[in-house]
Amino acid sequence: TDVAARGIDLPNLDLVVHAELPTNHETMLHRSGRTGRAGRKGVSALIVTRKSRKKAERILNMAKVKAEWIAAPSADAVNAREEERMLSDDTWGLDTDVSEQVTVDKLMEGFTPAQLATAYLRLYRSVRSAPEELAEADAPPQPRAEFGPSIWFSVTGGRDAGAEPRRLLPMLCRGSNLTKDDIGAIRIQKDHSYVQIKQSSVPAFLASLDGNMTVEDGAVLSQLAKPPTFENGPRPGGGRDGGGKPSGKPHRKSSPPTDWNDAPEPRAKKPKAHGGAGKGKPKFAKAGADGKPSTHSKPRKQAADPTAVTPHKPKGPPPPKGKTSSKKNRVRQQIAKGKGGGKPPRS
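A.B. asks: Run through the nonpolar core, naming residues and quoting values.
C.D. replies: Counting residues in each nonpolar core, the largest one holds 21 residues, and the members touching the most others are Ile183, Ile186, Val195, Ile197, Val215 and Leu221. Every element with two or more residues in this core is listed here: β3 (150–156), α6 (165–173), β4 (183–188), β5 (192–198) and α7 (202–209). Per-element accounting of this core gives the leading share, five residues, to α6.

A.B. asks: A description of the sheet that holds β4 should follow, citing residues and the corresponding values.
C.D. replies: Taken in spatial order, the four strands line up as β4-β5-β3-β6 in an open sheet, and their pairing is antiparallel. Looking at the sheet topology across the chains shown, the edges are occupied by β4 and β6 (221–223). Averaged over all pairs of adjacent strands, the angle between strand axes in this sheet comes to 25°, irrespective of strand direction. Both β3 and β6 contribute to a ladder of three bridges, which runs antiparallel.

A.B. asks: Talk me through helix α1 (residues 25–32); I want residue IDs and the actual numbers.
C.D. replies: For α1, the complete set of buried residues consists of Thr27, Met28, Arg31 and Ser32. Across the axial projection of α1, the buried residues extend over an arc of 130°, all falling on one side. Where α1 is buried, its residues meet β1 (15–18), β2 (43–46) and α2 (53–62).

Here is what the cut-offs are and how they apply
Residues numbered from 1 in each chain as written. Predicted model: local features only at pLDDT ≥ 70, side-chain atom pairs only at ≥ 80, totals over all residues. Heavy atoms only, no water. Core = buried A, V, L, I, M, F, W, Y, C linked by side-chain atoms within 4.5 Å. Buried < 20%, exposed > 50% of the residue type's maximum accessible area, 1.4 Å probe, protein only. Helix = DSSP H or I, 4+ residues; strand = E, 2+ residues; numbered from the N terminus. Pairing = 2+ DSSP bridges. Axes fitted to C-alpha atoms, helices over the stretch in contact; angles between N-to-C directions. Arc of directions from axis to C-beta. Contact = heavy atoms within 4.5 Å.

Structure below.
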């Protein structure tokens, strides 16, 4: 990750695996630089999915690095490499210790060599995750083949109990003869779930249960005589899905095609009132010399007479300086008009 890209020195590190693609070429170089330090050699591996192939090529070109593209190893190749690692272990060449001799004698007396080898192999593989088959990076996705005849089973535990297809699938495959290809649709309902199993795989599946119709976590299986009826209705084409919740949105009803010949006649527009652009009476109307309303929507202003003289109004006493109250102003106005007596109040 980017956290381990800078400032960390891991001596003798010979392998760096990029858990996800870096954001740019500089980060990729810093990540890869954790290995192969001080003249040593190392390997930097990028796990690239089919969708991320273009991005990985762009980052490598910007870093001027030529990578070797290889396909993901198959499950058989992983098992072969594990077997090679197991047989090359140094423990095979060691002598039996004195403290181990008593247990070794008990194992050899109670079990055959084949049983001992089988037990060791299973114990060795139990501490390692089982390999999976991965699709080729350049191979296009293959459409799922027709599932064929099937039988439905009911499993206790549904949406209210937190059941999910990703949990039911491995739960049914573990401890039985089923694989993921033997299981079709998985539908999660409110309090139980439905599982579709290939009809040809049902006898072996029931035999692995040994008459006990119970799987992991105490879930009880029940074979159905006919396909069940789902709460939300099955999706077309089947598939592993959780049933989902109804959207709650009503379906839109398609309106019938419109026949334009049956469309109603358009309404006749009302004539606009004289003298205005809006509805109703004009805002401004002025009678002319003949008594008829003028065509002007707004009366025109008459030109001022240049010979007219505007009389000057007598000026009153100057306003008092400073900030005074309204009461003092009223007293000064009365004195100026000859009302009242006395001197004006001091400011």
